[in-house]
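# Coordinates in review
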Amino acid sequence: MAFENPSREEIKEILLHAGNIAVVGLSDKTDRTSYMVAQALQNNGYRIIPVNPTASGEILGEKVYASLKDIPEPVDIVNVFRRSEYTPEVAREAVDIGARVLWLQLGIASDEAYEIASQGGLTVIMDRCIKVEDSILIGKR
């Protein structure tokens with residue numbers, strides 16, 4: 001069965017009910033897309049949890065974690081800014097922590113990550129920008 005993203009209505013429901021969004025690959029560099037997207041989501045009321053093994057301290061005022069398994073609280077969406085070949089491992093961690101959604105950013109797709117996450121009970125969204133979807137479907141909270 002070929003992968004198909006959830007409908008716009010389903011994505012809207014996911015965003016409306018999301019609290020914590022773990023951003024894997026969030027850069028501390030303000031000119032990076034991951035930073036700008038996370039900042040926009042934070043400004044719209046989402047709680048951002050930075051995940052980056054090479055960063056430390058805080059990004060956007062939030063403690064940085066080396067991996068998803070280090071996060072001490074529930075995660076609704078795992079938003080991924082990593083190249084496609086790294087996403088199966090992220091999918092495994094997302095399943096292990098009980099996340100609800102694996103969201104691969106625009107330009108990122110992986111059949112293997114999809115299989116791992118969907119078999120683990122997660123909704124999977126690939127090759128879509130969470131900031132764009134939030135702007136279109138939700139707007140300012």
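- Per an unreviewed UniProt entry, the protein goes by the name CoA-binding protein and belongs to Paenibacillus haidiansis.

### Details of the pairing of strand E6 (residues 101–104)
- Because side chains alternate across E6, one face comprises the buried residues Val101 and Trp103, and the other comprises Leu102 and Leu104, equally buried.
- Where strand E5 (residues 77–80) lies against E6, four bridges are found, and the strand directions are parallel. Bridged to Val78 within E6 is Leu102.
- The β-α-β motif built from E5, the intervening helix H3 (residues 87–97) and the parallel element E6 has right-handed crossover chirality.
- With three bridges joining them, E6 and strand E7 (residues 123–125) adopt parallel strand pairing.

### Quick look at helix H2 (residues 33–43)
- Considered for burial, the residues of H2 that qualify are Ser34, Tyr35, Val37, Ala38, Ala40 and Leu41.
- Residues of H2 that are buried sit in contact with strand E1 (20–24), strand E2 (47–51), strand E3 (58–59) and helix H5 (130–137).

### What about the nonpolar core?
- Leu15, Ile21, Ile77, Trp103 and Ile130 are the most contacted members of the largest nonpolar core, which has 26 residues in total.
- Elements represented by at least two residues in this core include exactly helix H1 (8–16), E1, H2, E6 and H5.
- Tallying contributions element by element places H2 first for this core, with four residues.
- Counting residues in hydrophobic clusters, the runner-up holds 24 residues, among them Tyr65, Ala99, Ile108 and Ala117.

Criteria and thresholds
- Residues numbered from 1 in each chain as written.
- Predicted model: local features only at pLDDT ≥ 70, side-chain atom pairs only at ≥ 80, totals over all residues.
- Heavy atoms only, no water.
- Buried < 20%, exposed > 50% of the residue type's maximum accessible area, 1.4 Å probe, protein only.
- Helix = DSSP H or I, 4+ residues; strand = E, 2+ residues; numbered from the N terminus.
- Pairing = 2+ DSSP bridges.
- Right-handed = clockwise from strand over helix to strand, strands pointing away.
- Contact = heavy atoms within 4.5 Å.
- Core = buried A, V, L, I, M, F, W, Y, C linked by side-chain atoms within 4.5 Å.

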